[in-house]
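# Architecture and fold: a report
Listed below, chain by chain, are the residues.
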Amino acid sequence: MESGGVRAPRLQAANRGPRHAARPNSAGIGRAGRPGRETLGDPLAKNTFGVLIGNRGFFPGELAREGRRRILDALAKAGYGTVCLDEAPEGGTAGDLLATRYGAVETHADARRCADLFRRHRETLDGIVIALPNFGDERAAADALRLAGLDVPVLVQAFPDQPEKMLMGHRRDSFCGKISVCNNLWQYGIRFSLTTDHTVAPEDAAFGADLARFAAVCRVLKGLKQLRIGVIGARPAAFNTVRFSEKLLEREGITVEPLDLSEVFGRVGRLADSAAAVKAKLEQIRGYVPTEGVPEAALLKMAKLGAVVGDWIADNGLAASSIQCWTAMEEYFGVVPCTLMSLMSEGLMSSACEADVAGALSMHALQLAAGTPSALVDWNNNYGGDGEKAVIFHCSNLPKHFFAEAKMDFQEIIAGSVGKANTFGTIVGPLKAGPITYCRLSTDEYAGKMRGYVGEGEITPDRPRSFGGYGVVRIPGLPALLQYICQNGFEHHVAVNASRHAAALQEALGHYRGWVMRPAGGPSSH
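Let me sum up the structure you'll find in this document.

### Structural notes on the sheet that holds strand β1 (residues 6–7)
On the basis of which strands lie adjacent, the open sheet formed by six strands has the order β1-β3-β2-β6-β7-β8 and mixed pairing. Edge positions in the open sheet fall to β1 and β8 (193–194), since each of these has one partner strand only. The sheet contact formed by β1 and strand β3 (residues 81–84) spans two bridges and is antiparallel. Each bridged residue has a counterpart across the sheet, and for Val6 the counterpart in β3 is Val83. Across the sheet, helix α4 (residues 138–148) lies against β2 (48–53), β6 (127–132) and β7 (154–158), angled at about 145° from β2, the strand it touches most.

Set out below in structure tokens:
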């Protein structure tokens, strides 16, 4: 442990996996002449947690000392950074403001020390873990969080007793103490998360799963703070469904930055074919998916469009975007933007079609939880007579992360009206089978609230004959979900991510942000 009770996060290659290795800026964000400039932090970096060890003085001190060691070791082995009070030497704190008896919090003075330590690290702390190796002092724990004033998620963990160690000297009573701590947090108006089991040992796999869920909650909430989303062009006139309220988003700390399509086309027109950013983007496009049959002129237009959009995103500090993808783009520029949007989403810079800003927000929330690319699809077709199956589809701009196989093609739906030659740039193919989390967020102007729904399912191995990007999903309780979507006026777009993070999103958005969220298979959370 470093000085001041701080352990830096440890990134474990086994946890990151091959596709999570450090990589160049795959979103292609950067100024012309400075290709490859990274503008995003590592979305897969491990969280850092403040750790508060609860203690009540008449319980054996060794329980607090041993509990502190075990919880910090468990967090370190999982790769998380920690900030925790040091253990004072025998005889008191010796004036050390970063140390207390057993490194725990049991008095108001300890609470002030803990709060001061957490405030010193407010820029790096993603959440707080309260660990109770014994009953703990509920007031001191709540006081420490109130005084710290960090506004981050809190996870409450309690150590289990053993039946053969229920006499004083080994007895913990954390089971009861956790209820008291939570009661005080509730009284103080501090929102908190719970482990799945009421008591759980730090070494248990169940606690590891709780930590992973809590870390995802922290990533979502942190990533939504001061979020900036770009929108290029107006929504398609025929799609009232993607209307949204900028004012409601701004109230939630989410800013929308618009850019008119005419400005984009003007900037593209001033960009030389030989510009370094254009060449770099063209090389990236050619290396992304097979482009056989796509005219070179169309690829060059995509590269110039990508360079302009990349500059705009970098200049404005945007984390996600949405684009008017038909039909002005095809009629007056001559390509679809799908490849560029797919590249951005693949690079964890979510990009939604049809100027669906709330859809981009949905994608971004999923991406924050999972650390992997999200896609925006249509709830598009039934699949035979199975009520829990449906076809999801888009034309498509899906990131290649989702495809079993993919290539670049033309947009078959609008080719008949604007001409095939003007519609090259879609990324098409069947989606690979596996788990998914789906999420849709929306602005409810009539209630003045954010709302949404979230759940899990799977992409099945079924392969319908189709064009675009397509797959069959199985969603438990899909008929009831579709009823809810229609009755409550939700959009036909839904964001998906190839992971299982519905619980984390439900907790982050419904519990912490206070948005009206319908969990999978149930009524709304408010």
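### Notes on the pattern of salt bridges
For the coordinates displayed, the defined rule picks out 27 salt bridges. Residues Arg65 and Glu87 are paired through a salt bridge, measuring 2.8 Å at the closest nitrogen-oxygen approach. With Arg65 in helix α2 (residues 61–77) and Glu87 in strand β4 (residues 86–87), the pair connects residues that are 22 residues apart, well separated along the chain. Residue class for Glu87 comes out partly exposed when judged on its relative accessible area of 33%. A salt bridge links Arg70 to Glu66; its shortest N-O distance comes to 3.4 Å. With a gap of four residues between them, Arg70 and Glu66 both fall in helix α2, about one helical turn apart. On the basis of relative accessibility, which here comes to 14%, the residue Arg70 falls in the buried class. Residues joined by salt bridges that share partners form a network here, namely Glu66, Arg70, Arg172 and Glu203.

### Here's the deal with the nonpolar core
Core analysis: the largest hydrophobic core is formed by 122 residues, its most contacted members being Phe49, Met302, Leu361, Trp379, Tyr453, Leu505 and Trp515. Those residues in contact with Trp379 that sit more than four places away from it in its chain are Val391, Ile392, Tyr438, Tyr453, Val473, Ile475, Leu478, Leu481, Ile485, His492 and Val494. Ala115, Ala158, Cys182 and Phe192 belong to the second largest nonpolar core, which has 31 residues in total.

### As for the packing of helix α9 (residues 276–286) against helix α10 (residues 296–315)
The N-to-C vectors of α9 and α10 enclose an angle of 120°; their axes lie 8 Å apart at closest approach. Here α10 runs oblique to α9, going by the angle between their axes. The element α9 and its partner α10 pack so that their crossing is right-handed. Two secondary-structure elements touch here, α9 through Ala277, Val278, Lys281, Leu282, Ile285 and Arg286 and α10 through Glu296, Leu299, Leu300, Met302, Ala303, Lys304, Gly306 and Ala307. Across the contact of α9 with α10, the residue classes break down as nine nonpolar, one polar and four charged.

### Some thoughts on unusual backbone geometry
For residues besides glycine, phi is generally negative; the peptide bonds are generally trans as well. At the junction of Trp326 and Thr327, the peptide bond is cis and its omega measures out at -10° in the coordinates. By the secondary structure assignment, Thr327 is in the loop between β11 (320–323) and α11 (328–332). Here the residue pair Cys395 and Ser396 is connected by a cis peptide bond, since its omega of 25° sits within 30 degrees of zero. Mapping Ser396 onto the fold places it in the loop between β14 (389–394) and β15 (407–410). Backbone geometry at Tyr102 places phi at a positive 65°, although glycine is not the residue there. Topologically, Tyr102 is positioned in the loop between β5 (99–100) and α3 (108–120). Note on Tyr102: relative accessible area 14%, which makes it buried. Look at Gln226: it is not a glycine, yet its phi comes out positive at around 55°.

### Some details on the packing of α3 against α4
Close contact between α3 and α4 brings their axes to 8 Å; oriented N to C, the two are set at 35°. When the axes of α3 and α4 are compared, the crossing they make is right-handed. The segment α3 lies against α4, with His108, Ala111, Arg112, Cys114, Ala115, Phe118 and Arg119 engaging Ala140, Asp143, Ala144, Leu147 and Ala148. Class assignment of the residues belonging to the contact of α3 with α4 gives a composition of eight nonpolar, one polar and three charged.

### As for the side chain of Thr339
As for its placement among the helices and strands, Thr339 is situated in helix α12 (residues 338–346). A polar side-chain atom of Thr339 sits 2.6 Å from the main-chain carbonyl oxygen of Gly425. Non-local contacts of Thr339, meaning those with residues more than four positions away in its chain, are made with Ile285, Met302, Met408, Gly425, Thr426 and Ile427.

### Regarding the environment of Asp161
With respect to the secondary-structure elements, Asp161 resides in the loop between β7 and α5 (174–188). At a separation of 2.7 Å, a polar atom in the side chain of Asp161 contacts the main-chain amide nitrogen of Arg172. Here Asp173 takes part through its backbone nitrogen, which lies 3.0 Å from a polar atom of the side chain of Asp161.

### A look at α5
For α5, which comprises 15 residues, the first-to-last C-alpha distance of 21 Å matches the rise-based estimate of 21 Å (1.5 Å per residue) to within 8%. When we look at burial in α5, the residues that qualify are Ser174, Gly177, Lys178, Ser180, Val181, Cys182, Asn184 and Leu185. Residues of α5 that are buried in the fold lie against β6, α4, β7 and β8. Downstream of α5 by one or two residues, Gly189 has phi in the positive range, about 75°.

### Here we look at the sheet that holds strand β10 (residues 254–259)
Think of a sheet as strands paired side by side through backbone hydrogen bonds, with each pair either parallel or antiparallel. Read across the open sheet, the four strands follow the order β10-β9-β11-β12; overall the sheet is parallel. Among the strands making up the open sheet, the edge pair consists of β10 and β12 (351–353). The sheet shows a mean angle of 20° between the axes of neighbouring strands, taken without regard to direction. Along the sheet face, helix α8 (residues 261–269) touches β9 (227–232) and β10 and points at about 60° away from the line of β10. Contacting β9, β10 and β11, α10 runs over the sheet at an angle of about 150° to β9.

The rules we used
Within each chain, residue numbers correspond to sequence positions counted from 1 in written order. In view of the model being predicted, local features appear only for residues whose pLDDT reaches at least 70, and side-chain atom pairs are presented and counted only at 80 or more, with totals across whole chains, interfaces and linings using the full set of residues. As a rule here, side-chain values come from all non-hydrogen atoms in the structure, and water together with hydrogens is ignored. Between any two strands, pairing holds if DSSP finds at least two bridges. Strands here are runs of E lasting at least two residues and helices are runs of H or I lasting at least four, both read from the DSSP assignment and numbered beginning at the N terminus. Should any heavy atoms of two residues lie within 4.5 Å, those residues are counted as being in contact. Axes here refer to lines fitted to C-alpha atoms; in helices the fit is confined to the stretch in contact. Angles between the N-to-C directions go from 0 to 180 degrees. Should a side-chain nitrogen of Lys or Arg be within 4 Å of a carboxyl oxygen of Asp or Glu, the pair is scored as a salt bridge. Under the scheme applied here, a residue whose accessible area is under 20% of the maximum for its type counts as buried, over 50% as exposed, and between as partly exposed, the area being computed with a 1.4 Å probe on protein chains only. Working definition of a nonpolar core: buried Ala, Val, Leu, Ile, Met, Phe, Trp, Tyr and Cys residues. They are joined through side-chain atoms within 4.5 Å. Angle categories: roughly parallel below 35 degrees, roughly antiparallel above 145, roughly perpendicular from 65 to 115, and oblique for all the rest. Here is the rule for handedness: rotate from the far helix to the near one, and if that takes an anticlockwise turn smaller than a right angle the crossing is left-handed, while a clockwise turn gives right-handed. Classes in brief: Ala, Val, Leu, Ile, Met, Phe, Trp, Tyr, Cys and Pro nonpolar; Asp, Glu, Lys and Arg charged; the others, Gly included, polar. Between N or O atoms, a polar contact is any pair within 3.5 Å; within protein, one atom must be a potential hydrogen donor and the other a potential acceptor, and residues adjacent in sequence are included only when both atoms are from side chains. A helix is expected to reach a length of 1.5 Å times the quantity of its residues less one.

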